[in-house]
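# An overview of the molecular structure
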Amino acid sequence: MKRLLKMEPVRVYPFTAIVGQDDMKLALILNVINPTLGGVLIRGEKGTAKSTAVRGLAELLPRINVVAGCRFSCDPDRLDRFCPDCLSRLDQGQSLAVEKRRVRVIELPVGATEDRVLGSLDLEGALTEGARRFEPGLLAAANRGFLYVDEVNLLDDHLVDVLLDAAAMGLNIVEREGISFDHPAMFTLVGTMNPEEGELRPQLLDRFGLCVKVEGLSDPALRREVIVRRLAFDAEPEDFILRWRREGERLAGRIEAARSLLPRVRVSDRVLERAVGLCLALGVDGHRGDLTIIKTALTLAAFEGRDEVRLEEVDRAAELALPHRSRRRPFHEVEFGVLARLKEKDNSPI
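The structure contained in this document is the topic of the report that follows. (Residues numbered from 1 in each chain as written. Predicted model: local features only at pLDDT ≥ 70, side-chain atom pairs only at ≥ 80, totals over all residues. Heavy atoms only, no water.)

### A few points about the overall build of the protein
Filter applied, for reference: Numbering of helices and strands starts at the N terminus; helices are DSSP runs of H or I of at least 4 residues and strands are runs of E of at least 2. Using a 1.4 Å probe on the protein chains alone, a residue whose accessible area is under 20% of its type maximum counts as buried, one over 50% counts as exposed, and one in between counts as partly exposed. Every residue pair with non-hydrogen atoms within 4.5 Å of one another is taken to be in contact. Using the Shrake-Rupley algorithm and a 1.4 Å probe, accessible areas are obtained, with residue cover drawn only from the displayed protein chains.
Along the backbone of the protein there are 14 helices and 11 strands. Sorting the 350 residues of the protein into buried and exposed places 46% on the buried side. Restricting to contacts in the protein with at least 6 residues of sequence separation, those with at least 24 account for 76%. Of the roughly 19100 Å² of accessible surface on the protein, a fraction of 51% belongs to carbon and sulfur atoms.

See the structure below:
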């Protein structure tokens, strides 16, 4: 009789224990509060906690209602976004039970095949039995959750096109030999990359709502704290996670409160003018940048517990939403001059 090996549970470094990297942590939190922001691209050198932050985020994600037993985590309140399986069950007169579970973070490996990402159709079964059998892929698992792509700049061009299509439509369509299957694929895209290993295609770059740059910490005290915490985690991971649990619960509660407040947050004409002025001054193409600034500012206000956006939130939102959209590079070389001119205009007598 073969002896079964006992699998050790995967222990994830707590999100709240990460030292520094405030922009990265904030951008991820904002996307949890408001999934319509369009995800985040995290650019930076190796060893700056990019992957650690994304994986640790899973513990802070809210619980959502899903159709029990659904392979695609359908929202029981959104009949218009039901998968074929749930629609078929309804047509047969079945009642759909509801259960709660946490929003998921699904990781897409760089070497993933098309079938692994999209899912696969059983052509033989379809031809011989007339039944469409579909084996879900990573996009199915990521529906209503986060899709994390480490080293997204090294992803195969064909898979990039697949992600672009799915992100644009909120739908994954798989076609093989005249047989097709589609299912909802609404996900928040999170990518990490090291620019030294190559840049990202412009089509995919613009799909990320926010973009942050992370660097190694320059403060000796903070660098020392990174080492102290990491050694403590490696030595006694369960104790370390327990020590940071209260902080994680506090942040999760704040995120949940912000999600509830977000629909009631208002913007003024001055806020809209500031967002438009920043985009024009920085040479941003199209209107996606303007919209993302406003959405981000709304989310920032909700995170701070306010029901109205301030100009400070617009400026902070621009730091997260425009670096990868500005035609003037680098963003921070022109940002402060632009803000100074806009603030001078705000304070001028009417």
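### Side note on the nonpolar core
Going by this rule: Side-chain atoms within 4.5 Å link the members of a nonpolar core, which is a set of buried Ala, Val, Leu, Ile, Met, Phe, Trp, Tyr and Cys residues.
Among the nonpolar cores identified, the biggest contains 60 residues, and Leu28, Ile42 and Ile293 are the most heavily contacted of them. Each residue touching Ile293, except ones within four places of it in the same chain, is listed here: Ala275, Cys279, Val314, Ala317, Ala318, Ala321 and Leu322. Of all hydrophobic cores here, the second largest spans 41 residues; its members include Cys70, Ala112, Val162 and Ala166.

### Quick word on the sheet that holds strand β4 (residues 105-108)
Threshold: Strands are labelled as partners when DSSP assigns at least two bridges between them. Axes here mean lines fitted to C-alpha atoms, for a helix over just the part in contact, with angles spanning 0 to 180 degrees between N-to-C directions.
An order of β4-β7-β10-β1-β11 is seen for the five strands of this open sheet, with the pairing classed as parallel. Two strands close off the open sheet at either side, each with one partner strand: β4 and β11 (210-214). The mean angle between the axes of side-by-side strands here comes to 20°, regardless of whether they run parallel or antiparallel. Relative to strand β10 (residues 187-193), strand β7 (residues 145-150) runs parallel, the two being bridged by six bridges. Pairing of Tyr148 across the sheet is with Val190, part of β10. Across the sheet, helix α1 (residues 22-33) lies against β1 (40-44), β7, β10 and β11, angled at about 155° from β11, the strand it touches most.

### Looking at the environment of Leu261
With respect to the secondary-structure elements, Leu261 resides in helix α10 (residues 237-261). Beyond its immediate sequence surroundings of up to four residues, Leu261 is in contact with Ala302, Gly305, Arg306 and Asp307.

### Regarding the pattern of salt bridges
The criterion, for reference: A pairing counts as a salt bridge when a side-chain nitrogen of Lys or Arg comes within 4 Å of a carboxyl oxygen of Asp or Glu.
Under the criterion given, the structure shown has 20 salt bridges. Here Asp234 makes a salt bridge to Arg230, at a shortest N to O gap of 3.3 Å. One end of the pair, Asp234, and the other, Arg230, are both in helix α9 (residues 220-235), four residues apart, so they sit about a helical turn from each other. What makes Asp234 partly exposed here is its relative accessible area of 47%. Residues Arg254 and Glu304 are paired through a salt bridge, measuring 3.4 Å at the closest nitrogen-oxygen approach. Here Arg254 is found in helix α10, whereas its partner Glu304 is found in the loop between α12 (288-303) and α13 (311-321), with 50 residues between them in sequence. Owing to a relative accessible area of 37%, Arg254 belongs among the partly exposed residues under this scheme. Through salt bridges with shared partners, a single network forms among Asp23, Arg316 and Glu319.

### A few points about α10
To be explicit about the condition: In this analysis, the expected span of each helix is defined as 1.5 Å times one less than the number of residues it contains. Fitting axes to the seven residues ending at a residue and to the seven starting there, one defines the bend at that residue as the angle between these axes.
Here α10 spans 35 Å end to end across 25 residues, near enough to the 36 Å set by a 1.5 Å rise per residue. Within α10, the axis deviates most sharply at Arg245, by approximately 40°. By the burial criterion, the buried members of α10 are Pro237, Phe240, Trp244, Gly248, Leu251, Ile255, Ala258 and Leu261. Contact partners of the buried residues in α10: α1, α9 and α12.

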